[in-house]
Amino acid sequence: MVKGGDWAPGCQLVDATFAALRGIHSPPRIFTPMVLTDTGAKLSKSLIRDNKVPPPPGTQPWMLNATEWNGGIDDYVDAMVWLVRLMLSNPKHFYRSYTTLEVNRLMSTRSVTPTSPPRARHMNLYRRYFDLVASGRKTIEVRVQYANLRDLAAGQYIRFACGTDECLTRVVRAARYTGFDEMLDAEGPANVNPDSPREEQLAGIRRIHNPERRPWASSPSRSSESESRSSCRANDGSVRPSSARPSSATRQRR
């Protein structure tokens, strides 16, 4: 549970009650510094949204609405982690609060550096498919176009996993299709699964996914560095991606 530092005194009373009750444990909590207005009052986003009070000096749109952040989700998460780490870098800051003006000043000093290791989407694979991806023989990955995949784009990373084995790949092309037949015709059955003929693949896909769902496809290229504990191995160089279409994704292993 993450709460502002103003909750700390009240939670002490709640925790004392938990301690008096058998078999009930207080939840772990993280208290963060409060964000204040220039008058010293706690920043109230709801009052500002309802036009009951004006935004205090230094207020940026993203402070009131995270979707207003000028960047992607990964960058926003990195920025918030950086800011909280800075605020809690010294124990004496435990009960310290920051005005919107000071938060804005601190954020202006943040230097953006690439995330290392790169943040990756996690996808599970059955062993037979994982080994094909890790060996470089399977150059197309097929998924249904669920909401969490619609924004997948070249340059992002996917970490495929099977048990304790992992394989980090980089997307170099994303493609979307209106049906599985169209996807297999465009990408080539051998790139999706070199050990299975087209009709067998299509029947298997339809057993797993609703035929009315629209597929998303990806194809991998690789380099020599391995991310798995045992089976994700590759030679130097790249696996040839399939020809560019309006709807497929290519990934490259680090």
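Being a predicted model, the structure only gives us computed values, none of them experimental.

(A) Structural context of the environment of Asp-78. Within the fold, Asp-78 resides in helix α4 (residues 73-87). Measuring from C-alpha to C-alpha, the distance between Asp-78 and Val-112 comes to 9.0 Å, with 34 residues separating the pair along the chain.

(B) Helix α5 (residues 100-108), seen in detail. Of the residues making up α5, those classed as buried are Thr-100, Val-103, Leu-106 and Met-107. Burial along α5 is one-sided: seen end-on, the buried residues are contained in an arc of 120°. α5 presents Leu-101 and Ser-108 as exposed residues on the side facing more than 90 degrees away from its buried surface. Its buried side turned inward, α5 meets β3 (35-36), α3 (61-64), α4 and β4 (98-99).

(C) Region of the structure containing the side chain of Thr-37. Structurally, the position occupied by Thr-37 is in the loop between β3 and α2 (45-49). A polar atom in the side chain of Thr-37 sits 2.9 Å from the side chain of Thr-39. Residues within four places of Thr-37 in sequence aside, it is in contact with Lys-42, Leu-43, Pro-56 and Thr-99.

(D) Highlighting unusual backbone geometry. Backbone geometry places Asn-51, a non-glycine residue, at a positive phi of 60°. One can find Asn-51 in the loop between α2 and α3.

(E) Looking closely at the layout of surface pockets. Of the pockets and cavities examined, the largest pocket occupies roughly 670 Å³. Lining the largest pocket are 23 residues, with Thr-32, Pro-33, Val-35, Lys-45 and Met-63 sitting closest to its centre. Class assignment of the residues belonging to the lining of the largest pocket gives a composition of 16 nonpolar, 4 polar and 3 charged.

Parameters and conventions
- Residues numbered from 1 in each chain as written.
- Predicted model: local features only at pLDDT ≥ 70, side-chain atom pairs only at ≥ 80, totals over all residues.
- Heavy atoms only, no water.
- Helix = DSSP H or I, 4+ residues; strand = E, 2+ residues; numbered from the N terminus.
- Buried < 20%, exposed > 50% of the residue type's maximum accessible area, 1.4 Å probe, protein only.
- Arc of directions from axis to C-beta.
- Contact = heavy atoms within 4.5 Å.
- Polar contact = N/O pair within 3.5 Å; in protein donor to acceptor, adjacent residues only side chain to side chain.
- 1 Å grid on protein atoms, 1.4 Å probe; cavity = no way out; pocket = protein on both sides within 12 Å on 5 of 7 lines; lining within 4 Å.
- Points joined across faces, edges and corners; volume = space filled by probe spheres on them.
- Nonpolar A, V, L, I, M, F, W, Y, C, P; charged D, E, K, R; others polar.

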